[in-house]
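Descriptive analysis of the structure
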Amino acid sequence: MKVFIGYVSLSGNTEKMAVNIRNQMMAVGCEVYMERLDTVEVDTLKEFDLAFIGLYTWNQEGLPYEANEFYEELDQADLHGMKVALFGAGDLSQPKPCGAINILSDKMKRCGVAVYSRVLKIDKEAPAYDMARKCEDFADQALDWGSKRKKWRFLIWNRMQNNPKYQKTAYLIRRALDDYPIK
Ligand SMILES: Cc1cc2nc3c(=O)[nH]c(=O)nc-3n(C[C@H](O)[C@H](O)[C@H](O)COP(=O)(O)O)c2cc1C
């Protein structure tokens, strides 16, 4: 499975999320290519089975300036059926946090891209462990959505993780399963 990760980040939080997602995708055996969004040719996304796109938000009304070209190029590329999962860091105390992600999501949907219904938004103050865990979980779920991977693994994992009694066991099982990557 070929996975693309594109992101823009100023103070580093979205970049850390991208790195966490990359690590998780590599751990389950995906072929991962990661690049900053301002240098990406939109057309290259077609070469991938799944893309993660991450943006920071500095102004609710707009995209980060480094993502403008990518945003404009979406009109020219034929990305119908392309699967994309969106993520980013922001200030979750705001009424509409991570607004840039919503702007990109709307545009991608208009261009025929299949956008994963779950979006990962992480607060700028989130502890590193919490961020890593959420990114791993998100990456796995997005992969499950974007691939033909069997659902049972994810369902069991999700149920266990939601029960504090089984959280540690679930984590250990997950680590063990990671030793048997699914391509
Ligand atoms: C000037 C400024 C404006 C910001 N505006 C928003 C905003 O409108 N919405 C939001 O969710 N977060 C906002 N934030 C929080 C940033 O998104 C947050 O610091 C995030 O970690 C930046 O991502 P990065 O570390 O990947 O650059 C703002 C931060 C700054 C410094």
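About the cut-offs
Positions within a chain are numbered from 1, following the residues in the order the chain's sequence is written. Note on the predicted model: pLDDT of at least 70 is required for a residue's local features to be given, and 80 or more for side-chain atom pairs to be given and counted; whole-chain, interface and lining totals, by contrast, use all residues. Hydrogen atoms and water are omitted, and side-chain values are computed over all heavy atoms in the structure. UniProt positions are given in the numbering used here, feature names are shortened, and annotations may be inferred rather than shown by experiment. Only protein chains enter the accessibility calculation, which uses a 1.4 Å probe; a residue whose area is less than 20% of its type maximum is buried, one above 50% is exposed, and one in between is partly exposed. Only DSSP runs of H or I with at least four residues qualify as helices, and only runs of E with at least two residues qualify as strands; both kinds are numbered from the N terminus onward. Note: two strands are recorded as paired if DSSP finds a minimum of 2 bridges between them. With the strands aimed away from the viewer, a crossover counts as right-handed if its path from the first strand over the helix to the second runs clockwise. Two rings belonging to Phe, Tyr or Trp (six-membered ring only in the last case) form a pair when the distance between their centres is within 6.5 Å. Interplanar angles under 30 degrees mark stacking, angles over 60 mark edge-to-face geometry, and anything in between is tilted. In this scheme, Lys NZ or Arg CZ marks a charge over a ring once it lies within 6 Å of the ring centre and within 35 degrees of the ring normal.

The name an unreviewed UniProt entry gives the protein is Flavodoxin-like domain-containing protein, with Peribacillus muralis as the organism. Note on the protein: under the UniProt heading Function (unreviewed entry), the record states "Low-potential electron donor to a number of redox enzymes." We quote the UniProt Sequence similarities (unreviewed entry) comment for the protein here in full: "Belongs to the flavodoxin family."

Some words on the pairing of strand β1 (residues 2-7)
Taking burial as the measure, the six residues of β1 include five buried ones, the bulk of the element. Alignment of β1 against strand β2 (residues 31-36), held across six bridges, turns out to be parallel. Across the sheet, isoleucine 5 pairs through a bridge with methionine 34, a residue of β2. In terms of handedness, the path from β1 via helix α1 (residues 13-27) over to β2 forms a crossover that is right-handed.

Points about the packing of aromatic side chains
Evaluated as defined, the whole model comprises seven aromatic pairs. Here the aromatic rings of tyrosine 56 and tryptophan 58 are separated by 6.4 Å at their centres, their planes lie at 80°, and the arrangement is edge-to-face. Residue classification places tyrosine 56 among the buried residues on the basis of a relative accessible area of 7%. Between tyrosine 116 and phenylalanine 138 the ring centres are 6.1 Å apart and the planes differ by 35°, which places this aromatic pair in the tilted class. Placement of the pair is tyrosine 116 in the loop between β5 (114-115) and β6 (120-123) and phenylalanine 138 in helix α4 (residues 128-146), with a sequence separation of 22 residues. We note that tyrosine 116, like phenylalanine 138, is buried. Through pairs of rings, three or more aromatic residues link up here, namely Phe52, Tyr116, Phe138 and Trp145. It is lysine 2 that lies over the ring of phenylalanine 48; its NZ or CZ is 5.1 Å from the centre.

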